[in-house]
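Descriptive analysis of the structure
The primary structure of each chain is shown beneath.
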Amino acid sequence: MLRHQQILEKLKKDKYIEVQDLCEILDVSAVTIRKDLRLLEQKGLLFRTHGGASLENPYIAEKPVIEKEKLYTEEKSRIATKAASLIQPNDTIIIGSGTTVQNLAKAIVPKEKLSVITSSLYVALELTKYEEIEIIQLGGPLRHSSASVTGYYAEEILKNITCHQLFLGVDAIDTENGCTTTSLEEAILNRKMIKAAQKVIILADSTKFGKRSLGKICDLDQVHEIITDDKISSKTLKRLKDSGVKVSIA
C-alpha cells in the first residue's frame, strides 16, 4: 500500500514519527494511522510508541558500563564540559552514575572547595586527585554493570543530605513518560537524589530521547535543565521546551 510506503520512508528519514503529523501529511484520520502502524509493527517494520512510532525499539535494555563508555564519546565530552561550567565555588553537588556523568567528573577542575556526593565508584575515583574536593561515597550493594551502588544504605545517607545541584545520567527520556533507567533500584535511588537537591540537571546525549526503560525516575516537571548535544531533533527540542524544561545544547 502506498500509504504504508510513505510512512516507512518518513520513518527512515526522521527515526521517529507522530500520529498527528502523519494525519496531516497523509490526510487521513488518527484511527487509520494507528491501524497502519499496528499492521507495520506486526510485520516487524517499526515499533509503536505512545502517540507515534519509532524505527528502533524504544525500550532500552541494560548494557555494561565498559560497553557504554565507548559510545558517543565526543558528544558526552561536550555535554560534560558544559555541565562542569555550572558548578560554582564552594558548591555542594550530587553526581549519579553512568558514562556521561563519569565524563563530568573528568571535566571538573575545582578552583575552590567542592563537596560531591556520588553513587558511582568511577566518579569518586576520578575526583580523588583533587584535595579541594570532599567526596561522600554512598554505600550499599554494588551493581557490576554500572560500578555504582543502590539500595537501603545509600538511600538512608541521602535522607541526611541537602545539596545545591544534582547531575544525573539517564537511559531514556520521553516527553510523556519522563526520565527512566534500566534498573528499578537505581531509579528509586535517583528519586532520593532528586528529593535532596535544589536543582536537577539531566545529562543525556541525543540518542536517549523518544525512548523508555523499566525504572521511572521522574516526570519532566521535576527537571530544571537538560544538557544534550546538537543532534537532538527540532521536534524533540520543541516538545521539551513546551514542557517547560530548559534545554542547553553542547
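Residues numbered from 1 in each chain as written. Predicted model: local features only at pLDDT ≥ 70, side-chain atom pairs only at ≥ 80, totals over all residues. Heavy atoms only, no water.

**Let's talk about the sheet that holds strand β1 (residues 16-18)**
Spatially, three strands are ordered β1-β3-β2 in an open sheet, and the strand pairing comes out antiparallel. The sheet is open, and its two borders are formed by β1 and β2 (47-49), each paired with just one other strand. Adjacent strand axes in the sheet meet at a mean angle of 25°, parallel and antiparallel pairs treated alike. Bridge count between β1 and strand β3 (residues 52-54): three bridges; the pairing is antiparallel. Within the sheet, the bridge partner assigned to Ile17 lies in β3 and is Ala53. Contacts between helix α1 (residues 2-14) and the sheet are confined to β1 and β3, with β1 contributing the most and set at about 125° to the helix. (Pairing = 2+ DSSP bridges. Helix = DSSP H or I, 4+ residues; strand = E, 2+ residues; numbered from the N terminus. Axes fitted to C-alpha atoms, helices over the stretch in contact; angles between N-to-C directions. Contact = heavy atoms within 4.5 Å.)

**Considerations on the UniProt feature "domain: HTH deoR-type" (unreviewed entry) in the protein**
Under the feature "domain: HTH deoR-type" (unreviewed entry), the UniProt entry names residues 1-55. Helix makes up 62% of residues 1-55 and strand 16%, with an end-to-end C-alpha separation of 19 Å. (UniProt positions renumbered as here; feature names shortened; annotations may be inferred.)

**Observations concerning the packing of aromatic side chains**
Under the definition given, this model contains one aromatic pair. Arranged with centres 5.4 Å apart and planes meeting at 80°, the rings of Tyr152 and Tyr153 form a pair that is edge-to-face. Judged by its relative accessible area of 56%, Tyr153 is exposed. (Phe/Tyr/Trp six-rings, centres within 6.5 Å; stacked < 30°, edge-to-face > 60°. Buried < 20%, exposed > 50% of the residue type's maximum accessible area, 1.4 Å probe, protein only.)

**Quick notes on the domain arrangement of the protein**
Its domain assignment divides the protein into domain 1 (1-54) and domain 2 (65-249). Summarising the inter-unit geometry, the C-alpha centres of domain 1 and domain 2 are found 33 Å apart. Interface area, domain 1 with domain 2, both sides summed: about 410 Å², of which 40% is carbon and sulfur. Taken together, domain 1 and domain 2 are joined by two salt bridges. With a shortest N-O distance of 2.5 Å, Glu18 and Arg239 are connected by a salt bridge. The interface formed by domain 1 and domain 2 contains two residue pairs in polar contact (both at pLDDT 80 or more). Considering only residue class, the side of domain 1 that touches domain 2 consists of one nonpolar, one polar and three charged. (Domains from an automatic or database assignment. Buried area = accessible area lost by both parts, 1.4 Å probe. Salt bridge = Lys/Arg side-chain N within 4 Å of Asp/Glu carboxyl O. Polar contact = N/O pair within 3.5 Å; in protein donor to acceptor, adjacent residues only side chain to side chain. Nonpolar A, V, L, I, M, F, W, Y, C, P; charged D, E, K, R; others polar.)

**Looking at a nonpolar patch on the surface**
On the surface, a cluster of nonpolar side chains totalling about 360 Å² of accessible area is made up of Leu121, Tyr122, Leu125 and Leu142. Take the nonpolar patch: its biggest share by element is three residues, from helix α7 (residues 121-127). Looking at the secondary structure, you find Leu121 in helix α7. (Patch = residues over 30% accessible without salt bridge, like charges linked within 9 Å, V, L, I, M, F, W, Y side chains within 5 Å. Areas by Shrake-Rupley, 256 points an atom, 1.4 Å probe, with all protein chains shown as cover.)

**Describing the environment of Arg48**
Note that Arg48 resides in strand β2. Here Glu41 takes part through its side chain, which lies 2.8 Å from a polar atom of the side chain of Arg48.

**Focus: helix α9 (residues 184-196)**
For α9, with 13 residues, the first-to-last C-alpha span of 19 Å sits near the 18 Å given by 1.5 Å per residue. For α9, the set of buried residues is Glu186, Ala187, Leu189, Asn190, Met193, Ile194 and Ala196. (Expected span 1.5 Å × (residues − 1).)

**What to know about the nonpolar core**
Counting residues in each nonpolar core, the largest one holds 33 residues, and the members touching the most others are Ile173, Cys179, Ile202 and Ile226. Among the secondary structure elements, those contributing two or more residues to this core are α8 (152-158), β9 (163-169), α9, β12 (197-203), β13 (215-218) and α10 (234-242). In contact with Ile226, other than residues within four places in its own chain, are Ile173, Ile202, Phe209, Leu220, Leu240, Val245, Lys246, Val247 and Ser248. (Core = buried A, V, L, I, M, F, W, Y, C linked by side-chain atoms within 4.5 Å.)

**Digging into the packing of α1 against helix α3 (residues 30-42)**
Here α1 crosses α3 at 75°, and the two axes come no closer than 11 Å. Relative to α3, α1 is oriented roughly perpendicular. Contact with α1, carried on its side by Arg3, His4, Ile7 and Leu8, involves Thr32, Ile33, Asp36, Leu37, Leu39 and Leu40 of α3 and no other residues of that element. Counted by class, the contact of α1 with α3 contains six nonpolar, two polar and two charged residues. (Parallel < 35°, antiparallel > 145°, perpendicular 65-115°, else oblique.)

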